[in-house]
Amino acid sequence: MTAIGPWQVQTFSLTLALAILLAGAVALRQRPRPAPAVLDACLLALATGLLAARAGHLLLHLEHFARTPEDILRWSSGGLEWHSGLAGALAGLWLGARWRGLAWSALLDALTPAPALFCLGAWRGCMAAGCGYGREVDTLANHSPLLVAELPDIYGIVAPRYNTPLFGLLLAVTALLLAGLFHRRRWLQGNRFWLLTATLAAGMLFIGFWRADRVPQWGGLRSDQWLDLVVLSACLWPLRRVRRRPP
């Protein structure tokens, strides 16, 4: 929990809210169209993204929610699935772009840092809440301090674990630096969103091999890793026609 004046706010909710606000501010700053139109599209994407993220979490944990159906609407207990959230947000953004007459590719370019900012906020929140925790190791002495640390799981049990929240933060920062570079150099206009999101999906796929939080397992991989592969493939598909410019 984080104290803001007299109020106590969950750290995960706070960091995710800050990421959403920052992503919206970046989009409004970069997009050369009337701010109200961009804001309408972003708000619609936010609403559909959050609903889809919650629905995805429910589907991946049907057994738990079948036992405790009262938790379905208890958003304060956590539970957002980023793959379905991304799909829902893109669907809402596309509808918002059509509704407000915005250019789809330019709007995506303006929102290129958004997935990295959400990744940064989510992993920072997980660092405080214990979600996305790593597999236990025998002792810290046998591993690099950059890889392991004494960390809690979702139940508050502290043990030497792979520092998966740190891995996620480093992934998000790397993606943000790439987004800034592409914007400054004006590279891959109309495609940079897909490349940055593919980078995040590949990174999450790698981090999944070190995670220990419980999710369904399919064919030797975590269910979220299979979804990482789906997102990675879907994001690489629009890049198939990108050609290197002649000198």
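Please read all numbers here as calculations on a predicted model, not as lab measurements.

Engineer: Could you give me a rundown of helix α9 (residues 223-236), with the residues and numbers involved?
Structural biologist: With 14 residues, α9 should reach 20 Å at 1.5 Å per residue; the first-to-last C-alpha distance of 20 Å fits that figure. Residues of α9 that are buried include every one of Ser 223, Asp 224, Gln 225, Asp 228, Val 231, Leu 232 and Cys 235, and no others. Contacts from the buried residues of α9 go to α2 (35-60), α4 (82-100), α8 (192-207), β5 (217-218) and β6 (221-222).

Engineer: Explain the packing of aromatic side chains residue by residue, including any values.
Structural biologist: Counted under the stated rule, the structure contains 4 aromatic pairs. Ring geometry for Phe 182 versus Trp 187: centroids 6.0 Å apart, planes at 55°, classification tilted. For Phe 182, a relative accessible area of 9% puts it in the buried group. Consider the rings of Phe 206 and Trp 210, whose centres lie 6.1 Å apart with planes at 70°: the pair is edge-to-face. With a relative accessible area of 51%, Phe 206 lands in the exposed category. Ring-pair connections join several aromatic residues into one group, and the members of that group are Tyr 162, Phe 206 and Trp 210.

Engineer: Give me the nonpolar core: which residues, what numbers.
Structural biologist: Within the largest apolar cluster, 27 residues are counted, with the highest numbers of intra-cluster contacts made by Leu 93, Leu 102, Leu 107, Leu 111 and Trp 194. Here the element with the most residues in this core is α2; it accounts for 5 residues. If we ignore the near neighbours within four places in the chain, the residues touching Trp 194 are Leu 90, Leu 108, Cys 235, Pro 238 and Leu 239. Grouped together as the second largest cluster of nonpolar side chains are 19 residues, Ala 116, Cys 119, Trp 123 and Phe 167 included.

Engineer: Pulling in residues and values, what's your account of the packing of helix α6 (residues 114-129) against α8?
Structural biologist: The description of two packed helices rests on the angle between their axes and on the distance between the axes. At a minimum axis distance of 9 Å, the contact between α6 and α8 shows a crossing angle of 30°. Between α6 and α8, the angle falls in the class roughly parallel. Mapping the contact onto sequence places Pro 115, Ala 116, Cys 119 and Trp 123 in α6 and Phe 193, Thr 197, Leu 200, Met 204 and Ile 207 in α8. A class-by-class count of the residues in the contact of α6 with α8 yields 8 nonpolar, 1 polar and no charged.

Engineer: Can you lay out a nonpolar patch on the surface for me, pointing to particular residues and giving the numbers?
Structural biologist: Together, Leu 28, Leu 39 and Leu 43 line one region of the surface with nonpolar side chains, adding up to about 250 Å² of accessible area. Here Leu 28 is to be found in helix α1 (residues 11-30).

Engineer: Give a detailed account of the pairing of strand β4 (residues 158-162), specifying residues and quantitative values.
Structural biologist: With respect to burial, β4 is a largely interior element, 4 of its 5 residues being buried. The pairing of strand β3 (residues 148-152) with β4 spans 5 bridges and is classified as antiparallel. Considered in β4, the bridge of Leu 151 is made with Ala 159. Count of turn residues in the β3/β4 antiparallel hairpin: 5 residues, of which Gly 156 carries a positive phi of about 85°.

Engineer: Let's hear about the pattern of salt bridges: which residues, and what values?
Structural biologist: The full count for this structure, using the stated rule, is 6 salt bridges. When the shortest N-O distance is used, the salt bridge between Arg 211 and Asp 213 registers 2.6 Å. In this structure, Arg 222 and Asp 224 form a salt bridge, with 2.9 Å as the shortest nitrogen-oxygen distance. In terms of burial, Arg 222 and Asp 224 fall into one category: buried. By sharing partners, the salt bridges in this structure join Arg 211, Asp 213, Arg 222 and Asp 224 into a single network.

What counts and how
- Residues numbered from 1 in each chain as written.
- Predicted model: local features only at pLDDT ≥ 70, side-chain atom pairs only at ≥ 80, totals over all residues.
- Heavy atoms only, no water.
- Helix = DSSP H or I, 4+ residues; strand = E, 2+ residues; numbered from the N terminus.
- Expected span 1.5 Å × (residues − 1).
- Buried < 20%, exposed > 50% of the residue type's maximum accessible area, 1.4 Å probe, protein only.
- Contact = heavy atoms within 4.5 Å.
- Phe/Tyr/Trp six-rings, centres within 6.5 Å; stacked < 30°, edge-to-face > 60°.
- Core = buried A, V, L, I, M, F, W, Y, C linked by side-chain atoms within 4.5 Å.
- Axes fitted to C-alpha atoms, helices over the stretch in contact; angles between N-to-C directions.
- Parallel < 35°, antiparallel > 145°, perpendicular 65-115°, else oblique.
- Nonpolar A, V, L, I, M, F, W, Y, C, P; charged D, E, K, R; others polar.
- Patch = residues over 30% accessible without salt bridge, like charges linked within 9 Å, V, L, I, M, F, W, Y side chains within 5 Å.
- Areas by Shrake-Rupley, 256 points an atom, 1.4 Å probe, with all protein chains shown as cover.
- Salt bridge = Lys/Arg side-chain N within 4 Å of Asp/Glu carboxyl O.
- Pairing = 2+ DSSP bridges.

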